[in-house]
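# A look at the structure
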Amino acid sequence: MPAKKKKTSKAKATTKVKKSTTKKSTSKKTGESKVEEINEDELLEELISDDDEILEKKTKKNSSKPKTEANNKIKKSEIDEELEEEILDAAMDGLSEINYDIKDLPGVGATIAKKLTDAGFGTVNAIAITPAKILIEEGGLGEKTAQKIISAAREALNIGFKTADIVWERRKSLARITTNSKSLDELLGGSGVETGGITEFYGEYRTGKTQIMHQLCVDVQMSRDDGGINGKALYIDTEGTFRPERLIQMAEAKGLDYKEVLKNVIYARAYSSDHQIMLIKDAMKIIAEKNIKLIIVDSLISHFRAEYIGRGTLANRQQLLNLHIHDLLRLAEMYPDVAVVVTNQVQSKPDVFFGDPTKSAGGNVVAHGATVRIYLRKGKGDQRVAKMIDSPNLAEGEAVFRLAEEGILDIE
Ligand SMILES: Nc1ncnc2c1ncn2[C@@H]1O[C@H](COP(=O)(O)OP(=O)(O)O)[C@@H](O)[C@H]1O
Ligand SMILES: [Mg+2]
C-alpha cells in the first residue's frame, strides 16, 4: 500500500541528496546576501517540485504567494531544518526493508513461532519465500497451517501480483465508521472512515482532531445499520487529552448506555515515542482477541518531535517514525476490518514559514504512510472545515461540521 506514491527510486533519491547538500553548503559560505536567498529558494522549489503529488500541490500553493513578503519572515535555522527534512524524505523513500515479528502473523502463536525460529524461519521474509513443503518438513507444521502462515507473510509483505478482481474483493470487504456528520462522512467517501488503511486528520490546535477521535470510539461500537462495525476501540493517547467525560456525553446523545461504551474503549497513555511504538506492537497481539476494530493514535508524532530536537537527530527521528508508520500500515493490511486513525499537527506555523500551512508534520514519511489525509481548519464559531488532501480514490473537496457537546454534528 505505501508503494502508491513511492515513485522515487533509491538511486534518484541518493543523487538528489548529494546534489542538495552541495548546493546547501555553497549557499552557506556566501553568507546572508540576496543571491543566497534566491539560491535557497530555488533549491527548495527544486526539491519541492519532485514528481511526488503532494509536493507538487505544495509548489502550486507556494507560487501563488508573494515570495518577497514570505522570505522576510523566514528564519534561517528553520529553512535548514525543513530542507533537511525534505532531503531525508527523499532518501527515506528508498527504504523498504523492514523486519517484521513473525508473531504478528495471524495463526502464529508462541509455540509455532518457536518451531519456526528453531528451524531457521524466524522472519516474515523467510516464511514468505519458503515453499510450504519445506516449512512442513523442517518446521514441523501441518499442511494447512503452513499454507495459511505463508499467505499471511506474503500479504504482510505485499508480495505477488493479484488480479484486479481479487483487489476488488478486498476493497469490498472493507467497512466504514461514521463520524456522526453526514457531510464529513461524504467527504470521506460516503459513510465515514474506512477500515484496512490509515486515515490521518491533521490541523492546528483546537481544530477538532481529538473530538473526532472520541466520536469514532463511540461510533465504531454501533451496529452496521447505525454506521458502526460492532467493534471496540483502542486509544493511544500521547498528549494526555483523552476524556471519558466526552465519551459519556457523546454516548448519551446517541441514547447509548455509557457504561458499556466506556468498557469498549481500551485506553493507553504513551509516555514516549518508544512507548508508543511498543504499544502498537502489543496492540497487534490483542486485536483479534478483543474484537478491536478501531485503533487511534492521538497524536502520531508529538513525542517524536519533542524528543528529537535539532538537526543532528532528524535522521534518527524520521527513521523511527517510518518504522512506526509501517507497523501501523502492516496492521491495517493484516486486519482489513480494522481502521487506523491518527492525528497530526501542521508542520509549521503559517506565519513563520512560507511553506504550505496545510502540510502535516513528519514530511513524506507520514504523507506516504497515510491512505487518506484530511486537513482541518477553524470556521465560524464552533464550525470546522475539513479538506480532503490526499486519497487514492476520492475527489478533493471540503466539508463543514460543528463541534458540540453531543459530538461531531452537521451544521443546521
Ligand atoms: N464539551 C464540549 N462541548 C462543546 N464543544 C467542545 C466540548 N469539548 C470540546 N469542545 C470543542 O472542541 C475543541 C477542542 O478540539 P480538540 O479536538 O480537542 O482539538 P485538537 O484539534 O487540538 O485535538 C474546543 O475548542 C471546543 O470547541
Ligand atoms: Mg488534540
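Residues numbered from 1 in each chain as written. Chains lettered and ligands numbered in written order. Predicted model: local features only at pLDDT ≥ 70, side-chain atom pairs only at ≥ 80, totals over all residues.

## What to know about unusual backbone geometry
Along the chain, D298 connects to S299 via a cis peptide bond; the corresponding omega equals 0 degrees. Note that S299 resides in the loop between strand 6 (292-298) and helix 16 (302-307). Even without glycine at this site, N180 takes up a positive phi of about 80 degrees. Mapped onto the secondary structure, N180 falls in the loop between strand 1 (176-177) and helix 11 (182-187). Judged by the 25 C-beta atoms lying within 10 Å of it, N180 falls in the buried class. A positive phi angle is found at N230, which is not glycine, with a value near 55 degrees. Inspection of the secondary structure assignment puts N230 in the loop between helix 12 (209-219) and strand 4 (232-237). (Helix = DSSP H or I, 4+ residues; strand = E, 2+ residues; numbered from the N terminus. Buried ≥ 20, exposed ≤ 12 C-beta atoms within 10 Å, placed from the backbone.)

## Quick notes on the pairing of strand 6
Burial within strand 6 is extensive, with seven of its seven residues counted as buried. Summarising the sheet, strand 4 and strand 6 pair through six bridges and their orientation is parallel. The partner of I236 across the bridge, within strand 6, is V297. Relative to strand 7 (residues 339-344), strand 6 runs parallel, the two sharing four bridges. Its bridge partner being in strand 7, V297 is matched across the sheet by V342. (Pairing = 2+ DSSP bridges.)

## Some words on the site of ligand 1
Among the 13 residues in the neighbourhood of ligand 1, the closest are listed as K209, T210, Q211, L403 and E405. Those elements that provide at least two residues to the shell around ligand 1 are helix 12 and strand 10 (398-404). Ranked by residue count, the leading element in the shell around ligand 1 is helix 12, at three residues. Classifying every residue of the shell around ligand 1 by side-chain character gives three nonpolar, six polar and four charged. (Near = placed C-beta within 6 Å. Nonpolar A, V, L, I, M, F, W, Y, C, P; charged D, E, K, R; others polar.)

## What about the sheet that holds strand 4?
What the nine strands build is an open sheet, ordered 5-4-6-7-3-8-9-10-11; its pairing is mixed. Edge positions in the sheet fall to strand 5 (265-269) and strand 11 (407-410), since each has one partner strand and no second. Within the sheet, the average angular offset between the axes of one strand and its neighbour, ignoring direction, is 25 degrees. (Axes fitted to C-alpha atoms, helices over the stretch in contact; angles between N-to-C directions.)

## A few points about the pairing of strand 8 (residues 372-378)
Within strand 8, five of the seven residues are buried, leaving the element largely enclosed by the surrounding structure. Across six bridges, strand 8 lies against strand 9 (residues 383-390) in antiparallel orientation. When the sheet's bridge partners are listed, Y375 is paired in strand 9 with K387. In textbook terms, the turn of a hairpin is the stretch between consecutive antiparallel strands, and for strand 8 and strand 9 this stretch comprises four residues, one of which, G381, has a positive phi near 55 degrees.

None of the figures reported here should be taken as evidence of function without further support.
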